[in-house]
Amino acid sequence: MSKQMIIKLFENNVKGKCADTSSRNVNHDGWEGHWLEQQFGIEPNSNNGADLFGYELKKETSSKTSFGDWSANRYIFKTGSYFQYFEGDTFKDRQNSFCQIFGKPNPHKNNRYSWSGSSCPKINSFNEVGQKLVIDDNGDIVAIYCYTQDTRLNKYSIVPIAFQQEDLELARWFGKSSPSNNKGDKCLKLKLEDKFNDAGWFTIKKDGNGRYKQLCFGEPINFDRWLNLIKEGTVFFDSGMYQGNSRPYSLWRANNKFWDSLITEIYE
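Since this is a predicted model, take the numbers as computed values, not measurements.

Reading the values: rules and limits
Residues numbered from 1 in each chain as written. Predicted model: local features only at pLDDT ≥ 70, side-chain atom pairs only at ≥ 80, totals over all residues. Heavy atoms only, no water. Helix = DSSP H or I, 4+ residues; strand = E, 2+ residues; numbered from the N terminus. Rg over C-alpha atoms; globule rule 2.2 N^0.38 Å. Buried < 20%, exposed > 50% of the residue type's maximum accessible area, 1.4 Å probe, protein only. Contact = heavy atoms within 4.5 Å. Areas by Shrake-Rupley, 256 points an atom, 1.4 Å probe, with all protein chains shown as cover. Lys, Arg positive; Asp, Glu negative; His and termini not counted. Charge placed at Lys NZ, Arg CZ, Asp CG, Glu CD. Pairing = 2+ DSSP bridges. Axes fitted to C-alpha atoms, helices over the stretch in contact; angles between N-to-C directions.

Q: Provide a residue-level description of the overall build of the protein chain, including the pertinent values.
A: If you tally the helices and strands in the protein chain, you get seven helices and 13 strands. A compact globule built from 268 residues would reach a C-alpha radius of gyration of about 18 Å, and the protein chain, at 20 Å, matches this within 12%. In the protein chain, buried positions account for 44% of the 268 residues. A sequence separation of at least 24 residues applies to 60% of the contacts in the protein chain between residues at least 6 apart. In the structure as shown, the protein chain presents an accessible area of about 13,700 Å², 44% of it carried by carbon and sulfur atoms. Each charge sign in the protein chain was given a centre, from 35 positive and 33 negative side chains, and these centres are 3 Å apart.

Q: Pulling in residues and values, what's your account of the sheet that holds strand β5 (residues 112-116)?
A: Spatially, five strands are ordered β2-β12-β11-β5-β4 in an open sheet, and the strand pairing comes out antiparallel. In this open sheet, the two edge strands, each paired with only one partner strand, are β2 (64-69) and β4 (104-106). The average angle at which neighbouring strand axes cross in this sheet is 35°, direction not considered. Summarising the sheet, β2 and strand β12 (residues 250-255) pair through five bridges and their orientation is antiparallel. Residue G68 lies in a different strand from β12, and its bridge partner there is W252. With respect to the sheet, helix α6 (residues 223-231) is in contact with β2, β11 (235-242) and β12, its orientation differing from that of β11 by roughly 75°.

Q: Before we move on, could you go through the sheet that holds strand β13 (residues 263-267) and cite the residues and values that matter?
A: On the basis of which strands lie adjacent, the open sheet formed by four strands has the order β1-β9-β10-β13 and mixed pairing. If you trace the sheet from one side to the other, it starts and ends with β1 (55-58) and β13, each paired once. Across this sheet, the average inter-strand angle for adjacent strands is 25°, counted without regard to direction. This element, helix α1 (residues 2-14), spans β1, β9 (200-206), β10 (212-218) and β13 of the sheet and lies at about 165° to β10.

Pasting the structure below:
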């Protein structure tokens, strides 16, 4: 019954239409997703659960689609015994300092530093800034730094002596469970399964003229499967953290070819 209601909303409110941009800021990345949510009667909220009748709505993208923007539960510049080595008195200032130490400058952005692109850690192999992601027995995902793996020629002048070590933990996402009941300590298993392991998910595909033509349903995903996809590199961490913005932008994504492989039903 729930699926039939989504199909009916698609046929009545979305099929054959282009997203209405007349009252929206089209320069905002989320404007089209917000329009789609309105057509399906989804109210904006901060709830991490599935959007509609147990299904998560995913907006069609050009190349890669996000599971969620899930920040780490722990950052080295926020808590613990090392945050004192980061410059600044506020969380935002220390995050800026973190980007300057463990990120890279962007020459197209006035050399603004960011923890993104080639400095963003990937699974199992070190990047040029000496970082990688590892997964522990609890399913925690940990970003670590090794000074000997850092290939920057001037690293000695960038990295404080306190950080010139091996297996320094930069960030940790709690996996299967959390050590506390704090709201900010929600583990990845709950974040992932609240959205994707109920009824599943759906997306709307367009034709060559930008009109919505297909309603596609995808199968549910549980945490164990998702974690295995991270281990094999299908799902990847896509950090967008940069100086001047306090939001970490911690996206977990997969290429659209993978998302398409999950599609089980198509309605036109």
